[in-house]
Amino acid sequence: MGETAHNHQQPPPPQAVVAPPPSSLAFSKGPSWTPAEQLNQLQYCIQSNPPWYQTCLLAFQHYIVMLGTTVLISRALVTQMGGDPGDAARVIQTLLFMSGINTLLQTMIGTRLPTVMGPSYAFVLPVLSIIRDYNDETFSKDHDRFVDIMRTIQGSLIVSSFVNIILGYSKGWGTLTRYFSPITIVPVVCVVGLGLFTRGFPLLANCVELGLPMLILLVICQYLKHSLSGARPVLEKFGLLICVGIIWAFAAILTVAGAYKNVGYQTKQSCRTDRSYLVESSPWVRIPYPFQWGAPKFRASHVFGMIGAALVSSAESTGTFFAAARLAGATSPPAHVLSRSIGLQGVGLLLNGIFGAAVGITASVENVGLLGLTHIGSRRVVHVSTAFMFFFSIFGKFGALFASIPLAIFAAAYCVLYGIVAAIGISFIQFSNNNSMRNHYVLGLALFLGISIPQYFVSNTTGDGHGPVRADGGWFNDILNTVFSSPPTVAMIVGTLLDNLLEAKKSSTDRGIPWWKPFQNRKGDSRSTEYYSMPIRLNEWMPTRYL
């Protein structure tokens, strides 16, 4: 049967041409950045040094930044102990003196990182527990109560120091850090900064007329340094010092003019430059000395709380050391360096107990944030800062003058400095797989619980130190309430457990282990020796296990 015009085959319809999908969303949106172990914007890294006149000014700026925490802790504790302004001045002097010693030791034979070692908030809860136990005792005068409490704190600090010494010099802490990965470090370092949010804007809000202008001025400095090229070096390096000077002068004018005569007690304490009478109460010259409050008292019930605080300070310092290494242009600290640093922190805690400091020590988060703000991670700057700590701790009148800076000014600075440290923690995620849902789960839970659990414990802690854990044993309560009130400690526990128990072997590459592993070994990265080796050939006579 032949073909007709009605039954011949029709040609197929034309197919629509589909463009191939872009190879990468990042490529379609713009350029991407490869992971960078070191920050290119640093002007001076850990081993390079600014000119001496800049070094001295930068060192003084470090002293001013760490002073706020010292004054805040002293104010919170000394009054409850029954001490007067003279006692508060002596406590501040002692804390400054011990900060100088511990900073010098840590930067010389500890981590060798440019970290200031200052008083730790982790010890506040155990100290409040000691104060609470003395409330039922009768004293002829408040000063006797203060001295007895200080002697008990001394004994507790001395005993608890051996926990850090054993953990560090037995290499136990270094063994623990081998279970870390970039996924663990991100939440730990983040909450080192974020966990201190209550010392930022909430403290600033106690004196808005000083704190808010200080915060705005700090932000304006960041804009001015880009628009005024000639002033950029000054604003970048000394912007915080300039802002403190301006707002402090403004606060002094308001105080003298009588602006705070008819205000509430809290406003006076937060705004006035003469709030604590530190200048009048401080001696002209006084050198802190061992057992200045008397022979230490040892009570087992108080020692356990201090042991919990010692463990917490170790966790906080570890997170701060990782942030400091990145902001100073160094590689991540190896396990053996972290071990010796925690061991040396135990020695510093022992010295704090011997000299009668009110609390123990930890690496100062705000001073590490200052490394990022100034773009200067020089070790020499921190070395020189200890000279200011020693000078102002010995010559009390001069030290008390700077201690009169209103706390709202420090709080505004902390809003910036803590934020920088938190952001540095986030930067560690670049060394792992950002697109792994498994990593997202670990990071999210560790971050959230690292903030949420401590917030619950802090919110349910009374003014006299009673936390939410209230079992029959006071020592048990002190340990748990102290440990779980620390964001870095909770984030470290949760992050380490999840990261090592949830598909750890199958996700080794996603976790960033290939990048991380060389930093764990003594000779895994040749640069580690350059950054962390001991000075003046100490390795020739000191046993290797302590290096």
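What comes next is a walk through the structure. (Residues numbered from 1 in each chain as written. Predicted model: local features only at pLDDT ≥ 70, side-chain atom pairs only at ≥ 80, totals over all residues. Heavy atoms only, no water.)

## Thoughts on the packing of aromatic side chains
Move 1: Enumeration over the complete set of coordinates arrives at 26 aromatic pairs.
Move 2: The interplanar angle of 70° and the centroid separation of 6.1 Å between the aromatic rings of Trp-284 and Phe-398 together place this pair among those described as edge-to-face. Of this pair, Trp-284 sits in the loop between helix H12 (278-281) and helix H13 (300-327) while Phe-398 sits in helix H17 (residues 396-403), and the two are 114 residues apart along the sequence.
Move 3: Given the relative accessible area of 56%, Trp-284 is considered exposed.
Move 4: Members of the aromatic cluster, joined through ring pairs, are Phe-60, Tyr-63, Trp-248, Trp-284, Phe-388, Phe-391, Phe-392, Phe-395, Phe-398 and Phe-402.
Move 5: Here the guanidinium or amino end of Arg-326 rests over the ring plane of Phe-428, the centre of that ring lying 5.9 Å away.
Move 6: Here the basic side chain of Lys-397 rests over the ring of Trp-284, its NZ or CZ set 5.7 Å away from the ring centre. (Phe/Tyr/Trp six-rings, centres within 6.5 Å; stacked < 30°, edge-to-face > 60°. Helix = DSSP H or I, 4+ residues; strand = E, 2+ residues; numbered from the N terminus. Buried < 20%, exposed > 50% of the residue type's maximum accessible area, 1.4 Å probe, protein only. Lys NZ or Arg CZ within 6 Å of the ring centre and 35° of its normal.)

## Details of helix H4 (residues 124-133)
Move 1: Counting buried positions along H4 gives nine out of ten residues, so the element sits mostly inside the fold.
Move 2: Turning to H4, its buried residues are Val-124, Leu-125, Pro-126, Val-127, Leu-128, Ser-129, Ile-130, Ile-131 and Arg-132.
Move 3: Contacts from the buried residues of H4 go to helix H2 (52-81), helix H5 (142-169), H13 and helix H20 (474-483). (Contact = heavy atoms within 4.5 Å.)

## Regarding the state of the cysteines
Move 1: For the structure on display, the rule yields one disulfide.
Move 2: Shown here is the disulfide that connects Cys-207 with Cys-271, its sulfur atoms set 2.1 Å apart. Disulfide Cys-207-Cys-271: torsion about the S-S bond near 130°, hence right-handed. Here Cys-207, found in the loop between helix H8 (201-204) and helix H9 (208-227), pairs with Cys-271, found in helix H11 (residues 265-271); they are 64 residues apart in sequence, far enough to count as distant. Of the two residues, Cys-207 and Cys-271, both sit in the buried class.
Move 3: With no disulfide of its own, Cys-56 lies closest to Cys-45 among cysteine sulfurs, the gap being 19 Å. (Disulfide = S-S within 2.5 Å.)

## A closer look at the packing of helix H10 (residues 232-256) against helix H18 (residues 407-427)
Move 1: Between H10 and H18, the shortest axis-to-axis distance is 10 Å and the interhelical angle comes to 155°. When the interaxial angle is binned, H10 and H18 end up roughly antiparallel. Between H10 and H18 lies a crossing of right-handed hand. Residues Leu-240, Val-244, Ile-247 and Trp-248 of H10 touch H18, and the partners they reach there are Ile-409, Ala-413 and Leu-417. (Axes fitted to C-alpha atoms, helices over the stretch in contact; angles between N-to-C directions. Parallel < 35°, antiparallel > 145°, perpendicular 65-115°, else oblique. Left-handed = near helix turned anticlockwise from the far one by under 90°.)

## Focus: the side chain of Thr-320
Move 1: Topologically, Thr-320 is positioned in helix H13.
Move 2: Within polar-contact distance, the side chain of Thr-320 engages the backbone oxygen of Glu-316 at 2.8 Å.
Move 3: Apart from residues no more than four positions distant in its own chain, Thr-320 is found in contact with Val-192, Ala-363, Ser-364, Val-365 and Val-368. (Polar contact = N/O pair within 3.5 Å; in protein donor to acceptor, adjacent residues only side chain to side chain.)

## Quick notes on unusual backbone geometry
Move 1: At Phe-291, a residue that is not glycine, the phi angle is positive and equals roughly 55°.
Move 2: Mapped onto the elements of the fold, Phe-291 is located in the loop between H12 and H13.
Move 3: Phi angles above zero are rare outside glycine, and Glu-503 is one such case at about 50°.
Move 4: As for its position among the elements, Glu-503 is in the loop between helix H21 (487-501) and helix H22 (513-516).

## Here's the deal with the packing of H5 against helix H14 (residues 335-355)
Move 1: Axis separation between H5 and H14 bottoms out at 7 Å; the angle between their running directions is 165°. Relative to H14, the element H5 is oriented roughly antiparallel. Here H5 runs over H14; the crossing is left-handed.
Move 2: Class assignment of the residues belonging to the contact of H5 with H14 gives a composition of ten nonpolar, eleven polar and one charged. (Nonpolar A, V, L, I, M, F, W, Y, C, P; charged D, E, K, R; others polar.)

## Description of the nonpolar core
Move 1: Core analysis: the biggest nonpolar cluster contains 134 residues, and Tyr-63, Ile-64, Met-81, Ile-153 and Leu-240 have the highest contact counts within it.
Move 2: In contact with Met-81, other than residues within four places in its own chain, are Val-127, Ile-131, Asp-142, Arg-145, Phe-146, Ile-149, Met-150 and Ile-153.
Move 3: In terms of nonpolar packing, the next biggest core, distinct from the first, is built from seven residues, Ala-59, Phe-238, Ile-376 and Val-384 among them. (Core = buried A, V, L, I, M, F, W, Y, C linked by side-chain atoms within 4.5 Å.)

## Thoughts on the environment of Pro-333
Move 1: Among the secondary structure elements, Pro-333 is positioned in the loop between H13 and H14.
Move 2: Residue classification places Pro-333 among the buried positions, given a relative accessible area of 1%.
Move 3: Taking the C-alpha atoms as reference points, Pro-333 and Val-421, separated by 88 residues in sequence, lie 17 Å from one another.
Move 4: Setting aside anything within four residues of it in sequence, one finds Pro-333 in contact with Phe-321, Phe-322, Ala-325, Leu-338, Phe-519 and Tyr-532.

## A closer look at H21
Move 1: With 15 residues, H21 extends 21 Å between its outermost C-alpha atoms, agreeing within 8% with the 21 Å of an ideal straight helix rising 1.5 Å per residue.
Move 2: Listed as buried for H21 are Pro-487, Pro-488, Thr-489, Val-490, Ala-491, Met-492, Val-494, Gly-495, Thr-496, Leu-498 and Asp-499.
Move 3: Those residues of H21 that are buried are in contact with helix H6 (172-177), helix H7 (182-194), H13, helix H19 (437-459) and H20.
Move 4: Glu-503 lies just past H21 and shows a positive phi near 50°. (Expected span 1.5 Å × (residues − 1).)

## Looking at the environment of Met-150
Move 1: Position of Met-150 relative to the elements: it lies in helix H5.
Move 2: A relative accessible area of 0% places Met-150 in the buried class.
Move 3: Placed 111 residues apart in sequence, Met-150 and Lys-261 show a C-alpha to C-alpha distance of 34 Å.
Move 4: Those residues in contact with Met-150 that lie beyond four places of it in its chain are Met-81, Trp-293, Gly-356, Ala-357 and Ala-358.

## A word on the pattern of salt bridges
Move 1: Evaluated as defined, the whole model comprises eight salt bridges.
Move 2: Between Glu-137 and Arg-299 there is a salt bridge, and its shortest N-O distance comes to 3.6 Å. Note that Glu-137 is positioned in the loop between H4 and H5 and Arg-299 in the loop between H12 and H13, a separation of 162 residues in sequence.
Move 3: Classification of Arg-299 by relative accessible area gives partly exposed; the value is 28%. (Salt bridge = Lys/Arg side-chain N within 4 Å of Asp/Glu carboxyl O.)

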